[in-house]
Amino acid sequence: MQISSRFTIGLHILTAIDTFQNEYKVTSDFLAGSIQTNPVVVRRILGQLKNAGLIESSQGVAGITIPKPLEEISFYDVYAAIEPVEEGDLFRFHDSPNPDCPVGRNIHTLLDGKLREIQNAMEEKMRQYTLADLHDGLDGLLREEG
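A.B. asks: Would you mind showing me how to read the overall build of the protein chain here?
C.D. replies: Helices and strands together make up the secondary structure of the protein chain, namely 6 helices and 2 strands. In the protein chain, the order of α-helices and β-strands from amino to carboxyl end is α-α-α-β-β-α-α-α. Split into buried and exposed, the 146 residues of the protein chain put 32% on the buried side. For the protein chain, contacts bridging at least 24 residues in sequence account for 63% of all contacts bridging at least 6. When the accessible surface of the protein chain is totalled, it reaches about 9,300 Å², and 51% of it is carbon and sulfur. When the 13 positive and 22 negative side-chain charges of the protein chain are each reduced to one mean point, those points stand 5 Å apart.

The following block contains the structure:
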């Protein structure tokens, strides 16, 4: 299992919007330059972020903005917007374990609760970090560079 790079690209997008929205018109092309990826990838993720209410966009001068305080947008919010999990389960189970095998017929009983606990722990940890943490962290790094 691996969470795709779309999640970290989403965090990169939101951090760049926060950082540059008062200096530049933030567009998908602008963001693609920061991420060094195709603008189509950025537009797809922007659509997911917009559908989740994490960004707003306008054709006018403003470009893309973040409509909520940074403290109110957690890593989990971004994850849920970009990496929706099938039927709410992070771990995908193989379809038909052999019911005639003692492992096959019992593997769900052995793993289901444990995998749910692992997912819950990861999601809870993601809820503890917000875009404000990224904002503050970047400010600190830029001061050190400066």
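A.B. asks: Would you mind going over the packing of aromatic side chains with me for this structure?
C.D. replies: Working definition: an aromatic ring pair is given by the centre-to-centre distance plus the angle between the planes. All chains considered together, the criterion is met by 7 aromatic pairs. Aromatic pair F7 and F75: ring centres 6.4 Å apart, planes at 70°, arrangement edge-to-face. A residue pair is termed long-range when its members are at least 10 positions apart, and F7 in helix α1 (residues 5–20) and F75 in helix α4 (residues 75–82) qualify at 68 residues. Accessibility assignment for this pair places F7 and F75 in one class, buried.

A.B. asks: What am I meant to see in the packing of α1 against α4 here?
C.D. replies: Each pair of packed helices gets described by two things: the angle between the helix axes and the distance between those axes. Relative orientation of the contacting elements α1 and α4 amounts to 125°, with a least axis distance of 9 Å. Here α1 is positioned oblique relative to α4, judged by the angle of their axes. Handedness of the crossing formed by α1 with α4: right-handed. The segment α1 lies against α4, with R6, F7, G10, L11 and L14 engaging F75, V78, Y79 and I82.

A.B. asks: Looking at this structure, I do not really get unusual backbone geometry. What am I missing?
C.D. replies: Working note: non-glycine residues mostly have negative phi, and peptide bonds are mostly trans. Phi angles above zero are rare outside glycine, and Q36 is one such case at about 60°. The class for Q36 is exposed, based on a relative accessible area of 74%.

A.B. asks: Please explain the environment of P69 as it appears in this structure.
C.D. replies: In this structure, P69 sits in the loop between β2 (64–65) and α4. Since its relative accessible area comes to 41%, P69 is described here as partly exposed. Sequence separation between P69 and T130 is 61 residues, and the spatial gap between their C-alpha atoms is 9.9 Å.

A.B. asks: Honestly, the pattern of salt bridges in this entry has me stumped. Any pointers?
C.D. replies: Once their charged atoms are close, side chains differing in charge can pair, the charge on each being opposite to the other. Summed over all chains, the structure comprises 2 salt bridges. For E83, the salt bridge goes to R6, with nearest N and O atoms at 3.4 Å. With E83 in the loop between α4 and α5 (102–127) and R6 in helix α1, this residue pair connects regions lying 77 residues apart in the sequence. Note that D29 is salt-bridged to R43, the shortest N-O span being 4.0 Å. Residue D29 is located in helix α2 (residues 28–35), and its partner R43 is located in helix α3 (residues 39–51); the two are separated by 14 residues in the primary sequence. Overall, R43 belongs to the partly exposed group, its relative accessible area being 43%.

A.B. asks: Would you mind showing me how to read α5 here?
C.D. replies: Along an α-helix, residues three or four positions apart point the same way, because every turn accommodates 3.6 residues. End to end, α5 covers 38 Å across 26 residues, agreeing with the expected 38 Å (1.5 Å per residue, within 8%). Where α5 bends most, the angle comes to about 35°, and this point is L111. Listed as buried for α5 are G104, I107, L115, Q119, E123 and M126.

Here is what the cut-offs are and how they apply
Residues numbered from 1 in each chain as written. Predicted model: local features only at pLDDT ≥ 70, side-chain atom pairs only at ≥ 80, totals over all residues. Heavy atoms only, no water. Helix = DSSP H or I, 4+ residues; strand = E, 2+ residues; numbered from the N terminus. Buried < 20%, exposed > 50% of the residue type's maximum accessible area, 1.4 Å probe, protein only. Contact = heavy atoms within 4.5 Å. Areas by Shrake-Rupley, 256 points an atom, 1.4 Å probe, with all protein chains shown as cover. Lys, Arg positive; Asp, Glu negative; His and termini not counted. Charge placed at Lys NZ, Arg CZ, Asp CG, Glu CD. Phe/Tyr/Trp six-rings, centres within 6.5 Å; stacked < 30°, edge-to-face > 60°. Axes fitted to C-alpha atoms, helices over the stretch in contact; angles between N-to-C directions. Parallel < 35°, antiparallel > 145°, perpendicular 65-115°, else oblique. Left-handed = near helix turned anticlockwise from the far one by under 90°. Salt bridge = Lys/Arg side-chain N within 4 Å of Asp/Glu carboxyl O. Expected span 1.5 Å × (residues − 1). Bend = angle between axes of the 7 residues up to and from the residue.

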